[in-house]
Every structure is written in C-alpha cells, then in structure tokens.
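Architecture at a glance
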Amino acid sequence: MPVDPEAIFVIEGGGNDHFVTDEGAVIAGRVAHPKEESPDLPVAFVPHWKTCPNAGDFRHKRRA
C-alpha cells in the first residue's frame, strides 16, 4: 500500500483512521498531537490515498 513518507505517532483506539506500520500491519486510531508524542506510542504512516489530491481519479464506481 502506498503511504506518505513522514512517519507519525498514533494513539491506538483513539479514532477511526487507519495507519500502516513499518511491518505492514494496519492499526486504527488517530494522529497524536505534538504534546502527546512519546517513544512509547506506535509509529506508522498515513496511507497515501487519504492525502492525495487526485485520489478521486482512482476510485472505482460502485456497481448498482
């Protein structure tokens, strides 16, 4: 899965967003605010489709 290059700290279970770890695991949570960042938190990457300005060009239309 393509991801954005910048790693972020994730608060697991604190939200509904999904992130990809270095090992390829997908975790759910939210991005940690700067004051919450800690080496004890998981580090992960945002899937590129979430931030891509052209993401709509690649989405498949649902069949009826």
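Our subject is the structure listed above.
Here's a quick rundown of the structure.

The rules behind the values
Residues numbered from 1 in each chain as written. Predicted model: local features only at pLDDT ≥ 70, side-chain atom pairs only at ≥ 80, totals over all residues. Heavy atoms only, no water. Helix = DSSP H or I, 4+ residues; strand = E, 2+ residues; numbered from the N terminus. Buried < 20%, exposed > 50% of the residue type's maximum accessible area, 1.4 Å probe, protein only. Lys, Arg positive; Asp, Glu negative; His and termini not counted. Salt bridge = Lys/Arg side-chain N within 4 Å of Asp/Glu carboxyl O. Polar contact = N/O pair within 3.5 Å; in protein donor to acceptor, adjacent residues only side chain to side chain. Contact = heavy atoms within 4.5 Å.

Observations regarding the side chain of D4
With respect to the helices and strands, the residue D4 is situated in the segment before β1 (8–20). Notably, D4 is buried but unbridged: the nearest opposite-charge side chain belongs to K50, and the N-O separation is 9.8 Å. Side-chain polar atoms of D4 contact the side chain of H48, separated by 2.8 Å. Beyond its immediate stretch of four places on either side in the chain, D4 contacts F45, V46, H48 and T51.

Brief notes about the pattern of salt bridges
Overall, the coordinates contain two salt bridges when judged by the stated rule. Residues K50 and D17 are paired through a salt bridge, measuring 2.9 Å at the closest nitrogen-oxygen approach. Separated by 33 residues along the polypeptide, K50 in helix α1 (residues 48–51) and D17 in strand β1 bring together distant segments of the chain. With relative accessibility at 43%, the residue K50 sits in the partly exposed group. Looking at D17, the relative accessible area reads 28%, which means it is partly exposed. With a closest N to O distance of 2.7 Å, E36 and R30 form a salt bridge. Overall, R30 belongs to the partly exposed group, its relative accessible area being 24%.

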